[in-house]
Amino acid sequence: MLGTHEGRPSYRHTIRVAYVDTDAAGVVHHSQYFRYLEQGRVELMRAVGIDYLSFERDRGLALPVVEAQLKYRAPARFDDLLQLDTWLSLGSRAKLVFASRLVRSVDSVLLHTGTVTLACVTMPKGAICSVPEDLREKLGA
Amino acid sequence: MTTELKENLRRIVADVSEIDVIPDDTDFRELGIDSMMGIEIVAEIERTYKISVPESELKNMTSLTRVYELVQSNFAATAAS
C-alpha cells in the first residue's frame, strides 16, 4: 500500500513469517530481516513505477547494498503477520538510503528500525555510476 | 581566481570526504576517497557552481588537480556556448 512519509512515497508491505524464517530459538533469525527489507524496497520501487527486474535488464544497472544498519527491538515468531514500512530517507547522485520500520500487526509492537544504503553500478562490470535522476525523483529525493 | 577556485574545490573535497589534507596530485584512492564518495564530491561541485559533469567524466576525477582542470574546462565550454 503506497503512502507518504514526511512528504516522500512510502510503502507498507505485509509479511507472514514462514517457519523457515525462524531459528532454533523459535524467533525470526536476524539475517531474515535483510530479506524482508529487500522485499520492502522492491515493492516501494514498484509502487512508484520502477520495476526492479526491468531496471536491471533494460538499463544494465544494479543497486547493490553498500551499508546496512538495523536495530532489533523485539522478536518476531512463526506465523506472525508483520507490517513493513519503507521509504527513501536520503537520495543523492551517489546513493539511496532507505529507512524502514517493522511492526507486528496484531499489537503494533515495533520490532525493528533500520536503514539500508544502495549504490548504483553498471552491469556486468560493477563500476560505480550515478543513481538515475528519474529513479531519485520517483522516490522523492 | 584560479587559486581561489582550486582552494574552494579543495575545501569541497575535504568537507565531503572528511579528510583534512587534500594534496594537489595525490590519487583520491590513496587518500581513502572511494568512487562513491567521488560522486558525492561531483554532486557538491555541481550544486556549488551550477554546472553539469557528464557521467563519462566521473572516472577522470581522480585527484584535486584533475577535478580543477575538469571544472575549468567546464567553465570554458559554458562561456563559449
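Predicted model only: the values in this text are computed from it and were never measured. (Residues numbered from 1 in each chain as written. Chains lettered and ligands numbered in written order. Predicted model: local features only at pLDDT ≥ 70, side-chain atom pairs only at ≥ 80, totals over all residues.)

### Regarding helix H2 (residues 52-59) of chain A
Of all eight residues making up H2(A), only zero are buried, and the element is barely covered by its neighbours. Phi turns positive one or two residues past the end of H2(A), at A:Gly60, with a value near 70°. (Buried ≥ 20, exposed ≤ 12 C-beta atoms within 10 Å, placed from the backbone. Helix = DSSP H or I, 4+ residues; strand = E, 2+ residues; numbered from the N terminus.)

### Points about the nonpolar core
Ranked by size, the top nonpolar core spans 42 residues in total, and within it A:Leu82, B:Leu9 and B:Val42 carry the most contacts. Those elements giving two or more residues to this core turn out to be helix H1 (32-47), strand S5 (81-91), strand S6 (96-104) and strand S7 (110-118) of chain A together with helix H1 (2-17), helix H3 (35-49) and helix H4 (64-80) of chain B. Among all residues touching B:Val42, those that are not within four sequence positions of it are B:Val53, B:Leu58 and B:Met61. (Core = buried A, V, L, I, M, F, W, Y, C linked by C-beta atoms within 7 Å. Contact = placed C-beta atoms within 7 Å.)

### Quick notes on the confidence of the model for chain B
Of all residues in chain B, 99% have pLDDT values of 70 or greater, and the mean over the chain is 90. At the low end of the mean pLDDT range in chain B sits H4(B), at 88; at the high end sits helix H2 (residues 28-31) of chain B, at 94. (pLDDT = per-residue confidence, 0-100.)

### Some remarks on the sheet that holds strand S8 (residues 120-122) of chain A
All names here are of chain A. The strand order across the open sheet formed by three strands is S3-S8-S9, and the pairing between neighbours is antiparallel. Unpaired on one side and paired on the other, strand S3 (61-62) and strand S9 (128-129) mark the two borders of the sheet. Inspection of the sheet shows S3 paired to S8 by two bridges, in the antiparallel sense. Of the residues in S8, the one forming a bridge with Ala62 is Val121. (Pairing = 2+ DSSP bridges.)

### Thoughts on H4(B)
All names here are of chain B. For H4, built from 17 residues, the straight-helix expectation of 24 Å at 1.5 Å per residue is met to within 8% by its first-to-last C-alpha distance of 24 Å. Listed in full, the buried residues belonging to H4 are Leu64, Val67, Leu70 and Val71. With its buried residues spanning 130° around the axis, H4 presents them on a single face. For H4, exposure combined with an orientation more than 90 degrees from the buried face picks out Ser73, Ala76, Ala77, Ala79 and Ala80. Lining the buried residues of H4 we find H1 and H3. (Expected span 1.5 Å × (residues − 1). Arc of directions from axis to C-beta.)

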